[in-house]
Amino acid sequence: MKLILAVVQDKDSPRLAQNLVKQGIRATKLASTGGFLHAGNTTFMIGTQDEQVEQVLELIKTSCRARDQVVTPMSPMGSQLESYVPYPVTVQVGGATVFVLDIAQFAQF
Ligand code: 2BA
């Protein structure tokens, strides 16, 4: 079993959630914040069987797209001063940042 963590833009979140439900794939949505832009995004936690991972990755790929964003970061998060940029910057965000983790144990009580 795997846990897929997908960080997606808020604009893509409803479409991805809908597509997951359509295909009967269970997921949990977490409100998250990007460390660089300090903008809200959505992290999906998707527990899935190994053989379904490719299907889920494809679904994420087709549900999310890249966008350019111009942002003036306000202040560094924590003490990571090296990533602080004090003037407007254009960055390409997304489609999705995805991590696939092995699950040691899965239980529902
Ligand atoms: P943010 O950290 O707010 O990053 C937004 C976008 O800013 C990134 O898009 C990237 O294009 C740019 N960016 C991030 N850090 C940068 C830096 N030090 N210098 C220059 N540009 C930088 P994405 O790569 O598509 O990432 C979108 C969001 O996915 C991120 O939002 C973060 O919430 C998450 N993410 C990306 N990589 C991650 C990682 N390795 N671990 C955990 N979360 C990650």
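Residues numbered from 1 in each chain as written. Predicted model: local features only at pLDDT ≥ 70, side-chain atom pairs only at ≥ 80, totals over all residues. Heavy atoms only, no water.

Undergrad: Just checking my understanding: could you explain the sheet that holds strand 6 (residues 96-102) for this structure?
TA: The strands that make up a sheet pair up through hydrogen bonds in the backbone, lying either parallel or antiparallel. Spatial ordering of the open sheet is given by 2-3-1-6, a layout of four strands whose pairing is antiparallel. Edge strands, defined here as strands with exactly one partner in the open sheet, are strand 2 (28-33) and strand 6. Ignoring strand direction, the axes of neighbouring strands in this sheet form an average angle of 20°. Sheet topology note: the strand 2/strand 3 (residues 40-48) ladder contains six bridges and is antiparallel. Bridge pairing in strand 3 links Ser-32 to Asn-41. (Pairing = 2+ DSSP bridges. Helix = DSSP H or I, 4+ residues; strand = E, 2+ residues; numbered from the N terminus. Axes fitted to C-alpha atoms, helices over the stretch in contact; angles between N-to-C directions.)

Undergrad: Explain the pattern of salt bridges here, please?
TA: Should the charged atoms of two oppositely charged side chains come close, the side chains can pair. Scanning the model with the defined rule gives three salt bridges in all. For Asp-102, the salt bridge identified is with Lys-2, shortest N-O distance 2.3 Å. You can see Asp-102 sitting in strand 6 and its partner Lys-2 sitting in strand 1 (residues 2-9), a full 100 residues away along the chain. Taking the relative accessible area as the measure of exposure, Asp-102 reaches 63% and is therefore exposed. The salt bridge involving Arg-15 is made with Asp-12; its shortest N-O contact spans 2.8 Å. The exposure class assigned to Arg-15 is partly exposed, which follows from its relative accessible area of 36%. (Salt bridge = Lys/Arg side-chain N within 4 Å of Asp/Glu carboxyl O. Buried < 20%, exposed > 50% of the residue type's maximum accessible area, 1.4 Å probe, protein only.)

Undergrad: Can you help me understand the nonpolar core in this one?
TA: Where a protein is soluble and globular, its nonpolar side chains tend to be buried together. Counting 13 residues, the largest nonpolar core has Leu-16, Leu-20, Phe-44, Ile-46 and Ile-60 as the members making the most contacts within it. Of all elements in the fold, only strand 1, helix 1 (13-22), strand 3 and helix 2 (53-63) reach the threshold of two or more residues within this core. Ranked by residues supplied to this core, first place goes to helix 2 with four residues. Excluding its chain neighbours within four sequence positions, the residues that come into contact with Ile-60 are Ile-4, Ala-6, Leu-16, Ile-46, Ala-96 and Val-98. (Core = buried A, V, L, I, M, F, W, Y, C linked by side-chain atoms within 4.5 Å. Contact = heavy atoms within 4.5 Å.)

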